[in-house]
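Residue-level structure breakdown
What follows is each chain in one-letter form.
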Amino acid sequence: MGWTPSRRLAAGTIPHDDFNINTIGKIVTATNNTNSTTTQTTTPTQSLDASSFETTTATALSPGLMKQEPSSSGGGSSTTLVESHQSTQGCNDGAVGVAVEPLPGKALGLVLLRYIYSSKPDLFSHQRPHNEYLLDALLERARSCSAECHRFMMEVLDRACSIKVVDDGDDGGKSRALFCAGHFIKGSLLFQAIGVEEDFRGCMVQMKECERYNFAWAQNTIGLCYETGKGVQKDSVKAFQYYMLAAQQGELNAQRNVGLCYKNGEGVNMDKTEAVRWFKMSSALPISCANLSNCYRNGDGIKKDPVESLRLLKLAAEKGVKTAQCKLAGETSDPVEAFRLLSLAAAQGDAVAQFKVGTALIKGNGVEKNPAEAARFFRMAAAQGVHAAMRALGVMCEEGNGLPRDSSESFRWFRQAADLGYSVAQSDVGWCYYTGTGVGRDFSMAVYWYQKAIDNPKGTASQAHNNLALCYSRGHGVTQNLGEAFRLYRTSAIQGNAFSQFNAALSLEHHNGTPTKDTREAMRWYRLAASRGHTTSIKRLEKIVIQCKP
């Protein structure tokens, strides 16, 4: 149940055009009564009511131009909001000239201010999805904004948080909406460390303020904090309770989270049938369609239906759910379509998809081979901790394929993946030490890394068994022991390693560390290795057949 501060629509769609983020600037007005200009600014206030908030912030909200209105005092002019994206406007009567002076540092803050200012009592309702999408877009945009922008945003939020909430009957719920919007967005910034230091406890404080007014989005976020133990002691039961509070108000993310709790038995007794019911209830979310697809596929809480499972998976993929795109790519027999789907998921930052796109580019599966481009995707996946991508970069540096040949860089990538517990890379590090590739030759260190790979419970490490057997057969880094070498060769051979199958056969043929000489068993292992394309085994079989002829 990842962090979902709001519900997203289909990727790349914004179902409204309330204002243009890129055209927000500082409004500069000039009147015909003076030669001076005045810059409209806002300052934080305390204990505002909703009408005061509107009065003190209205002049900072225009996305483009303001138009002249006669002043009640008869002197000069006043201004009101108009929707325009032009940068200048001349007035025939010469009374007012208006220009937008670009100020990127405050641009996002002004948009956020307008967003809060336009809050309605149903702002965060599931019937207002465009507001949810917009909030996501604002928070994402805020990540790259200047410190000045962040300070301005916090001023805006502090003003909203200071609103005095009155009974809904007195102001139609306006003050409650403003208050909750301010606290929720502020909590979201703290949770995601946007413009401020990460502060989960602070996030909880803000969400609790919203929760006083039964604010569903905040309840869902509080549930997430309890589930993950962020800002509070981890408590799956409380997480479920808060998810349920929000879900009963129609908050779709919360409904899905309730379904996941039932599916996994987290905070509530496992009930896969109930999980399906909640997934269906939140099926307006594409990610819930992906969850339902899994249920139909596996028969979890509902009768198996491969056709419906595939339909829902395709629907989720079309709506931009990256996990669905990745899974659908694995089910199609068309490599070109698989690459297209993986590329879509990779573009959304899915680390596994990025690795698979890199692999396709290396092998030419569904796309023309492009090792240099493959390296770019492997780097993206590696930056997200995919150790297989780190190892792939190590191999590319070792071979000079798509990257400059560099044994030291190759070793660095192998070691990085090995330190994260990737058994294949641990064996690679051992090989580097054994051969002196990218690091000083050290048989003892080679043995250490081979053994580490073998002891790793997350991998089979067949290559490590083979390489450690080589150390025992030659006495490199350990006392020579042909019996232990054969045992390791045989273990790796059973795992399907062709090199070990050949080495086991060679040991049996020549009685090296084996109980007896066994040519028949040796022939069996030679054949298995030959079936895997091991050329030396093929030649050895031919030689044995010739020797056996009368």
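A quick note: this is a predicted structure, and the numbers were derived from the prediction, not measured. (Residues numbered from 1 in each chain as written. Predicted model: local features only at pLDDT ≥ 70, side-chain atom pairs only at ≥ 80, totals over all residues. Heavy atoms only, no water.)

**Here we look at the nonpolar core**
- In terms of nonpolar packing, the biggest core is built from 114 residues, with Val258 and Leu468 touching the most fellow members.
- The leading source of residues in this core is helix α18 (residues 387–399), at 8 residues.
- With sequence-adjacent residues up to four places away left out, Leu468 is seen in contact with Val447, Tyr450, Gln451, Ile454 and Leu488.
- Of all hydrophobic cores here, the second largest spans 10 residues; its members include Leu139, Ala142, Met154 and Leu189. (Core = buried A, V, L, I, M, F, W, Y, C linked by side-chain atoms within 4.5 Å. Buried < 20%, exposed > 50% of the residue type's maximum accessible area, 1.4 Å probe, protein only. Helix = DSSP H or I, 4+ residues; strand = E, 2+ residues; numbered from the N terminus. Contact = heavy atoms within 4.5 Å.)

**Topic: the pattern of salt bridges**
- One pass over the structure, following the stated rule, counts 14 salt bridges.
- Here Glu331 and Arg297 are joined by a salt bridge, their closest N and O atoms 1.8 Å apart. Pair noted here: Glu331 is in helix α14 (residues 322–331) and Arg297 is in helix α12 (residues 286–298), with a separation of 34 residues, a long-range link.
- Between Arg391 and Asp428 there is a salt bridge, with the nearest N and O atoms lying 2.4 Å from each other. Remark: Asp428 occurs in helix α20 (residues 423–435) and Arg391 occurs in helix α18; sequence separation between them is 37 residues.
- Classification of Arg391 by relative accessible area gives partly exposed; the value is 25%. (Salt bridge = Lys/Arg side-chain N within 4 Å of Asp/Glu carboxyl O.)

**So, helix α9 (residues 236–247)**
- Between its first and last C-alpha, α9 extends 16 Å over 12 residues, near the 16 Å set by a 1.5 Å rise per residue.
- Listing the buried residues of α9 in full gives Ala239, Phe240, Tyr242, Tyr243, Met244, Ala246 and Ala247.
- Where the residues of α9 are buried, they touch α7 (200–211), α8 (216–228), α10 (252–264) and α11 (272–281).
- For α9, the capping residue at the N-terminal end is Asp235, with a side-chain oxygen 3.1 Å from the backbone nitrogen of Val237. (Expected span 1.5 Å × (residues − 1). Polar contact = N/O pair within 3.5 Å; in protein donor to acceptor, adjacent residues only side chain to side chain.)

**A word on the confidence of the model for the chain**
- Across the chain, pLDDT averages 78, with 74% of residues at or above 70.
- Confidence drops under a pLDDT of 50 for residues 53–109, and excluding neighbours within four residues, the segment shows 126 contacts in the predicted structure.
- For the stretch residues 119–130, pLDDT sits under 50, and the model shows 32 contacts to residues farther than four places along the chain or on other chains. (pLDDT = per-residue confidence, 0-100.)

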